[in-house]
Amino acid sequence: MGTEGGGGGGGGGGGDGYFKRHFHHHSDTDVISSEKVTFSGPLSGPLNQRAGRKSARFGSSADASSKISNSPDDDYVEVTIDVRDDSLAVHSVKTAGGGELEDQELTLLARGLEKRSSFGSSVARSASTKIRQVSQELKRLASLTKRSHAGKLDKSKSAAALALKGLKFISKTDGGAGWTAVEKRFDQLTSTTTGLLPRALFGQCIGMNKESKEFAGELFDALTRRRNLTAELINKAELKEFWEQISDQSFDSRLRTFFDMVDKDADGRITEDEVREIISLSASANKLSNIQKQADEYAALIMEELDPDNVGYIMIENLEMLLLQVPNQPVRGGESKLLSQMLSQKLKPTHDHNIVQRSFRDFKYFLVDNWQRAWVLALWIGVMAGLFAYKYVQYKNRAAYEVIGFCVCLAKGAAETLKLNMALILLPVCRNTITWLRNKTKLGMAVPFDDNLNFHKVIAVGIAVGVGIHAISHLACDFPRLLHASEEKYELMKPFFGEEQPTSYWHYVKEIEGVTGIIMVVLMTIAFTLATPWLRRGRLNLPKFLKKCTGFNAFWYSHHLFVIVYTLLIIHGIRLYLTHEWYKKTTWMYLAVPVTLYAGERLLRVFRSSIKPVKLLKVAVYPGNVLAIHMSKPQGFRYKSGQYMFVNCAAVSPFEWHPFSITSAPGDDYLSVHIRTLGDWTRQLKTVFSEVCQPPPTGKSGLLRADHIQGENNPNFPRVLIDGPYGAPAQDYKKYDVVLLVGLGIGATPMISIVKDIVNNMKEMEKDENALEDGTTSDIANNNSPTTGSSSNTSKGKSGSVSGNHFKTRKAYFYWVTREQGSFDWFKGVMNEVAETDKSGVIEMHNYCTSVYEEGDARSALITMLQSINHAKNGVDVVSGTRVKSHFAKPNWRNVYKRIALNHTNSRIGVFYCGAPPPVKELRQLAADFSHKTSTKFDFHKENF
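Residues numbered from 1 in each chain as written. Predicted model: local features only at pLDDT ≥ 70, side-chain atom pairs only at ≥ 80, totals over all residues. Heavy atoms only, no water.

Named according to an unreviewed UniProt entry, the protein chain is Respiratory burst oxidase originating from Heracleum sosnowskyi. In its Subcellular location (unreviewed entry) section, the UniProt entry covering the protein chain states "Membrane". Under the Sequence similarities (unreviewed entry) heading, UniProt states for the protein chain: "Belongs to the RBOH (TC 5.B.1.3) family." (UniProt positions renumbered as here; feature names shortened; annotations may be inferred.)

Give a description of the overall build of the protein chain that names residues and reports values.
When you go through the protein chain residue by residue, the secondary structure sums to 34 helices and 21 strands. When each of the 945 residues of the protein chain is scored for burial, the buried share is 50%. Across the protein chain, every contact between residues at least 6 apart in sequence was considered, and the portion connecting residues at least 24 apart equals 70%. As displayed, the protein chain has an accessible area near 45,400 Å², and 55% of this comes from carbon and sulfur atoms. (Helix = DSSP H or I, 4+ residues; strand = E, 2+ residues; numbered from the N terminus. Buried < 20%, exposed > 50% of the residue type's maximum accessible area, 1.4 Å probe, protein only. Contact = heavy atoms within 4.5 Å. Areas by Shrake-Rupley, 256 points an atom, 1.4 Å probe, with all protein chains shown as cover.)

For the sheet that holds strand S17 (residues 811-818), give the residues involved together with the corresponding values.
Read across the sheet, six strands follow the order S19-S18-S17-S16-S20-S21 without closing on themselves; strand pairing throughout is parallel. If you trace the sheet from one side to the other, it starts and ends with strand S19 (886-888) and strand S21 (937-942), each paired once. Here the strands of the sheet are splayed against their neighbours by 20° on average, with no regard to which way each runs. One ladder, built from three bridges, connects strand S18 (residues 843-849) with S19; its direction is parallel. Looking at the pairing, Cys849 lines up with Phe888 of S19. (Pairing = 2+ DSSP bridges. Axes fitted to C-alpha atoms, helices over the stretch in contact; angles between N-to-C directions.)

Can you tell me about the side chain of Asp732, naming the residues and giving the values?
Position of Asp732 among the secondary structure elements: in the loop between strand S15 (720-726) and strand S16 (738-744). Ignoring any residue separated from it by four or fewer positions in sequence, one finds Asp732 in contact with Arg438, Asp450 and Phe912.

Help me get a handle on the packing of aromatic side chains, residues and values and all.
To describe a pair of aromatic rings, you give the distance between the ring centres and the angle between the ring planes. Scanning the entire structure with this criterion turns up 24 aromatic pairs. Here the aromatic cluster, defined as three or more aromatic residues joined through ring pairs, consists of Trp816, Phe824, Trp826 and Phe827. Over the face of the ring belonging to Phe555 we find Arg536, whose NZ or CZ atom lies 4.4 Å from the ring centre. The ring of Tyr813 has Lys811 sitting right over it, with the charged end atom 5.5 Å from the ring centre. (Phe/Tyr/Trp six-rings, centres within 6.5 Å; stacked < 30°, edge-to-face > 60°. Lys NZ or Arg CZ within 6 Å of the ring centre and 35° of its normal.)

I'd love a proper account of the state of the cysteines, names of residues and values included.
Throughout the structure, instances matching the rule amount to one disulfide. The disulfide partner of Cys407 is Cys477, and the gap between their sulfur atoms is 1.6 Å. Given an S-S torsion of about 65°, the disulfide between Cys407 and Cys477 has right-handed geometry. Pair noted here: Cys407 is in helix H17 (residues 406-424) and Cys477 is in helix H19 (residues 452-483), with a separation of 70 residues, a long-range link. Each member of the pair, Cys407 as well as Cys477, is classed as buried. (Disulfide = S-S within 2.5 Å.)

Hey, could you go over helix H26 (residues 552-559) for me, with residue numbers and the actual values?
Those residues of H26 that fall on the buried side of the exposure criterion are Asn553, Ala554, Phe555, Trp556 and Ser558. Among the structural elements, helix H23 (512-530), helix H24 (533-536) and helix H29 (680-690) are those in contact with the buried residues of H26.

Account for the UniProt feature "transmembrane region" (unreviewed entry) in the protein chain, naming residues and giving values.
Residues given the UniProt feature "transmembrane region" (unreviewed entry) here are residues 374-393, 514-535 and 555-578. For residues 374-393, helix accounts for 100% and strand for 0%, while the C-alpha atoms at its two ends are 28 Å apart. Annotated as residues 555-578, this span is 75% helix and 0% strand, and its ends, taken at the C-alpha atoms, are 36 Å apart.

Give a description of the confidence of the model for the protein chain that names residues and reports values.
Of all residues in the protein chain, 72% have pLDDT values of 70 or greater, and the mean over the chain is 74. Mean pLDDT across the secondary structure elements of the protein chain bottoms out at strand S2 (residues 29-32), with 36, and peaks at S16, with 92. Contacts for the low-pLDDT stretch residues 100-134, under 50 throughout, to residues beyond four places or in other chains number 58 contacts. Below pLDDT 50 for its whole length, residues 136-164 participates in 79 contacts with residues either more than four positions away or in separate chains. (pLDDT = per-residue confidence, 0-100.)

I'd like a description of the environment of Phe366, backed by residues and values.
Within the element layout of this structure, Phe366 appears in helix H15 (residues 355-396). Put simply, Phe366 and Ala928 are 562 residues apart on the chain and 9.2 Å apart in space, counted from C-alpha to C-alpha.

Would you mind going over the environment of Ser664 in detail, with residue names and values included?
For Ser664, the position within the fold is in the loop between strand S12 (658-661) and strand S13 (670-676). Separated by 86 residues in sequence, Ser664 and Pro750 have C-alpha atoms that sit 8.9 Å apart. Once residues lying within four places of it in the same chain are set aside, the contact partners of Ser664 are Tyr639, Tyr670, Leu671, Ser672, Ser753 and Lys756.

Please provide a residue-by-residue account of a nonpolar patch on the surface, values included.
Among the surface-exposed residues, Trp371, Trp375, Leu379 and Val383 lie close enough to one another that they form a single nonpolar patch of about 390 Å² accessible area. As for its position among the elements, Trp375 is in helix H15. (Patch = residues over 30% accessible without salt bridge, like charges linked within 9 Å, V, L, I, M, F, W, Y side chains within 5 Å. Salt bridge = Lys/Arg side-chain N within 4 Å of Asp/Glu carboxyl O.)

If you had to explain the packing of helix H5 (residues 179-189) against helix H8 (residues 236-246) to someone new, which residues and values would you point to?
At a closest axis distance of 11 Å, the pairing of H5 and H8 adopts a crossing angle of 145°. When you trace H5 past H8, the crossing you get is right-handed. Residues Trp179, Val182, Glu183, Phe186 and Asp187 of H5 form the contact with H8, whose participating residues are Lys236, Leu239, Lys240 and Trp243. Taken together, the residues of the contact of H5 with H8 sort by class into five nonpolar, no polar and four charged. (Left-handed = near helix turned anticlockwise from the far one by under 90°. Nonpolar A, V, L, I, M, F, W, Y, C, P; charged D, E, K, R; others polar.)

Can you explain the pairing of S17? Please cite residues and give values.
In terms of residue burial, S17 counts as a mostly covered element, since eight of its eight residues are buried. The side-chain alternation of S17 yields two buried faces, one formed by Lys811, Tyr813, Tyr815 and Val817 and the other by Ala812, Phe814, Trp816 and Thr818. Examined bridge by bridge, S16 and S17 share seven bridges and lie parallel to one another. When the bridges of S17 are listed, Gly743 appears paired with Trp816. The pairing of S17 with S18 spans seven bridges and is classified as parallel. By the bridge assignment, Phe814 is partnered in S18 with Met845. Following the backbone out of S17, through helix H31 (residues 828-837) and into the adjacent parallel S18, one traces a crossover that is right-handed. (Right-handed = clockwise from strand over helix to strand, strands pointing away.)

See below:
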């Protein structure tokens, strides 16, 4: 065939010219002229050498897409290359119609193709060489010819994006500062080795972390093999050459480096043994122990996929094909793209130079987001200010003011606020009362019950301030002034302090009022100190003998000193300074109702747990130090998904009760909790149950297991008591049509209950619909299912108005982020059930394993490849071991919110989070930003214990 016509592209003079690469199905022909060269060629790259073979990963669709049509109407992409005296640059990329192809990913790829070199004697010969040099990169855009115009553009963009992002040996966090930082580390590491860097320090020098030491060693070996270096020491010049190769943006260069790592004998072929070794290496670098154990199986799977003819090896072209295959994804329409761009514009930070307008806007947003908290705190502060002012004025008009002065007014004003706060601090921990108010009343619309523990802490701060003012005013001001008062002034104090004026300061301190006050201050100081997060969670690095005095046990027992404190407070209030009338001694009046209510709740816990015993059904110990306990559900035990209960095990401690989210759904005929070992009590609990467990039989999950139902080991379980259920933020998911559920590690527990509840509801709806079609009526087995009075639609528009069983939630996004691969075993059954049951796509599950390097990193490239092959062939994810495909590294929460906002415009989304504190600030801020600047409103809820 002849060449393409010479259209398109301007001429150049003086040795400059434009070279165009047209992607069309023709043979290679070079035509060199004095000004222009047009180069056309077939799509003969490695992506198109496997037509006719069915891929386990992409099925028959891959075969169709891998073949190139011979139709003369096929579209092509036109790349104009600007050849100058000392460089070669991609000038422009155009579509078949001649329009500019404005795409950031393709532009970046085009820039990556630019190479600088000296021409030598012949511009034409060098130009031809350079075109061939970049030919393989340009062929990656060939997928533009595989669909209609819109389809082609989308796929090529995806392939280009993979080429740009794939096989990166250095990430932003690992050595991304460039050669300057590497050189600095080299100088530090070689200061004692005469300027030579050993293999063992190569990873540290280029910025890789300790976990990647073995991977860095293999990378070092690959780079030295390529250069025929045998020593395990390199100098700075060699290191710079290594650095330039591994930081090269060319995908071909990165692919060659990765291939060399696998191809240890440097024969240009990869055998199954070499694949097995690199799988083990990648699994080790990403802390994927399960994959490491199954390296033989997965190596055979890769060879089966890439070596269909059983020749015993694979070539670099096979590896490239698999790495650049793009999973099928729905093409977002032009309207959605426009919405996404508009949304991004709205979310850009606004720089308002008018400080008044900016302050007003920020204050308005603050009130919109926090009006419930604001009015409660304002009321509390207002009442305290009123009581303080009332007592201050009252004592300013009494005789004591003439002797002691304003100090007595401060002491009495602070004392009045202390009475109020010592009464209020009990109410937020009256969990039964709060649960009843949350479930049975509409107060939750105005009162932030989710912040009960936060309010408890705020009141504690108020008590600390009040105690400080009250104690300092008495000890540092009132008593010294009484001691030094004149006889005339002391005459006014005789009715309160006796006929004789004391001459010793300790006279006041040793009285009942002083002793009780000092003991209360000491006990409160102990309780407040041990309740601080860094001591309660044992975060401080203390000596061993002090370490035993911290942790949850220390917090729990010290908090029960409140029994002594309240007893002393009542005595202190009865023996009040400067007051004799009983009706003016109001301390007991403040405390009567809250103390009675709290005492009643504690008695109810004892009574309820004793008359509603539970029978343990199954216990399993999972990786990550997690203990799962399944128990019978007591008669009348009604709960909602997202709620929690307290657990007591007398074999560990007869007095301690600890809260845990319920992981079973209301429709299940059992109760379950998953407990992670984080402190003394949970560690001992796991030890107690591990003693009655054995390694599980084949096919059962868990490291250790005991099942009473199946008669496994006939275990003798220790006695367990439960108390609950209690209300929690996650139980309000029923109020929203769309929910975003986020769990970090063991924080996924309340979200799992919600997911199971939605699945149970879907099953009931399907059963009812089938019953209606058959003309019969099904029984509603799930009386505890969350229901609403109005019908709702599923995400695909199916009517949800089935008699007797309605649920409002029509879409749920579940994001579970965990550090360890073994964590997925905790809820493997639930995830598989969702994948098999949810045919309508109501629940969208996203598992993230943060121990794995982000997609595109060379250390996780083989894991990504293996994941795609195994999931397509067997339907199981190699990381999680479930039908839900896992993601790597951490989620981009901004993109998560943005996607939901685009999918659900003019909607209110419930965001529920449970887990460690670090992501809370970002998730809450994003919820506020998107609520303020888009039509989608996000309500953020955080789990508190």
